[in-house]
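A closer look at the structure
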Amino acid sequence: MTRLLSGTALAAAALAAILFLPILGLRLLACLVAVLAAREYLGIVHSGRPVARGPLLLLVVMTCWWMSDPGQMRVLPLLLVGLAWLAAEVLFRGRTVDQAAARFLAPWYVGMPLGMLAAVQGLGGPRATLLLMATIVVSDSGQYYTGRAFGRRPLAPAISPKKTVEGALGGLVLATSFIVLAGPGVFPIAGRLSLA
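Residues numbered from 1 in each chain as written. Predicted model: local features only at pLDDT ≥ 70, side-chain atom pairs only at ≥ 80, totals over all residues. Heavy atoms only, no water.

Examined against the element boundaries, Ile136 turns out to sit in helix H5 (residues 97-150). For Ile136, a relative accessible area of 45% puts it in the partly exposed group. Between the alpha carbons of Ile136 and Ala12 there is a distance of 16 Å; along the sequence they are 124 residues apart. (Helix = DSSP H or I, 4+ residues; strand = E, 2+ residues; numbered from the N terminus. Buried < 20%, exposed > 50% of the residue type's maximum accessible area, 1.4 Å probe, protein only.)

Pasting the structure below:
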């Protein structure tokens with residue numbers, strides 16, 4: 001019950017942010033959420049080991065901010081900064097490649113998608129953002145229910161033992177069907193192009 005209530009409250013807050021915040025406010029909110037998510041991610045990756053999180057959190061915020069600007073959205077500069085960081089971690093700080101790579105992924109795994117979500121809002125408005133979020137919900141629900149009904153083969157048992165190949169395929173098919181049917185209502189030009 002607590003998870004349902006907290007999920008409902010978070011969904012309502014996200015909806016209010018999408019509908020009422022100006023793009024600058026949404027970009028700032030995305031950066032705040034990115035910092036909170038990155039702290040949790042780094043806590044999992046570095047459990048039991050002290051690590052200087054400040055520079056990494058700054059890189060996550062910079063990545064999120066950069067990607068949230070619809071006019072910027074260039075990945076190459078961010079990738080070059082990250083690769084230089086990765087090399088410095090291995091060569092000068094004595095980290096193994098897997099330790100450095102886990103740290104290296106934080107800005108891209110957390111900052112980039114949240115920034116891009118704000119950029120979608122800037123490019124397509126609230127309807128585009130809600131379409132994207134609805135597609136994700138359809139995909140997740142499709143994976144869950146298809147996996148429960150037809151799932152036999154584990155997808156990645158070491159990471160998530162209950163996820164199945166059949167569930168992943170069901171989510172893919174349902175999400176694709178949803179975006180094909182709902183997309184032209186949000187982006188009418190897409191519907192005209194597909195009919196031409």
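Following the structure, the description resumes.
Per the counting criterion, the structure on display carries two aromatic pairs. Taking the centre distance of 4.9 Å and the plane angle of 80° together, the rings of Tyr144 and Tyr145 count as edge-to-face. Tyr144 gets classed as partly exposed once you look at its relative accessible area, which sits at 44%. Of the residues examined, Tyr145 reaches a relative accessible area of 59% and is grouped as exposed. The side chain of Arg27 reaches across the aromatic face of Trp65, ending 3.7 Å from its centre. (Phe/Tyr/Trp six-rings, centres within 6.5 Å; stacked < 30°, edge-to-face > 60°. Lys NZ or Arg CZ within 6 Å of the ring centre and 35° of its normal.)

A few words on the nonpolar core. Membership of the largest hydrophobic core comes to 14 residues, with the highest contact counts inside it found for Tyr41, Leu42, Val60 and Val110. Of all the elements in the fold, those that place two or more residues in this core are helix H2 (23-45), helix H3 (54-68) and H5. Sort the elements by how many residues they give to this core and H2 lands first, with six residues. Excluding residues that lie within four positions of it along the chain, Tyr41 makes contacts with Ala102, Leu105, Ala106, Tyr109 and Val110. Among the nonpolar cores identified, the runner-up in size contains seven residues, and Leu78, Leu86, Phe104 and Met112 belong to it. (Core = buried A, V, L, I, M, F, W, Y, C linked by side-chain atoms within 4.5 Å. Contact = heavy atoms within 4.5 Å.)

Here the focus is a nonpolar patch on the surface. Together, Leu21, Leu29, Leu32, Val33 and Leu36 make up an exposed nonpolar region whose accessible area comes to about 400 Å². Among the secondary structure elements, Leu21 is positioned in the loop between helix H1 (2-20) and H2. (Patch = residues over 30% accessible without salt bridge, like charges linked within 9 Å, V, L, I, M, F, W, Y side chains within 5 Å. Areas by Shrake-Rupley, 256 points an atom, 1.4 Å probe, with all protein chains shown as cover. Salt bridge = Lys/Arg side-chain N within 4 Å of Asp/Glu carboxyl O.)

On to the pairing of strand E2 (residues 160-164), then. Regular strands have side chains that alternate between both faces of the sheet. Bridging between strand E1 (residues 154-156) and E2 involves two bridges; their strand directions are antiparallel. Note on E2: the bridge partner recorded for Pro154 is Thr164. In textbook terms, the turn of a hairpin is the stretch between consecutive antiparallel strands, and for E1 and E2 this stretch comprises three residues. (Pairing = 2+ DSSP bridges.)

This part takes up the environment of Leu155. As for its position among the elements, Leu155 is in strand E1. On the basis of relative accessibility, which here comes to 47%, the residue Leu155 falls in the partly exposed class. Taking the C-alpha atoms as reference, Leu155 lies 36 Å from Leu19; in sequence the two are 136 residues apart. Excluding its chain neighbours within four sequence positions, the residues that come into contact with Leu155 are Lys163, Thr164, Val165 and Ala168.

Now for the confidence of the model for the protein. Averaged over all residues, the pLDDT of the protein equals 83, while 91% of them reach at least 70. For the protein, per-element mean pLDDT is lowest for helix H7 (residues 188-195), which scores 53, and highest for helix H6 (residues 165-186), which scores 92. (pLDDT = per-residue confidence, 0-100.)

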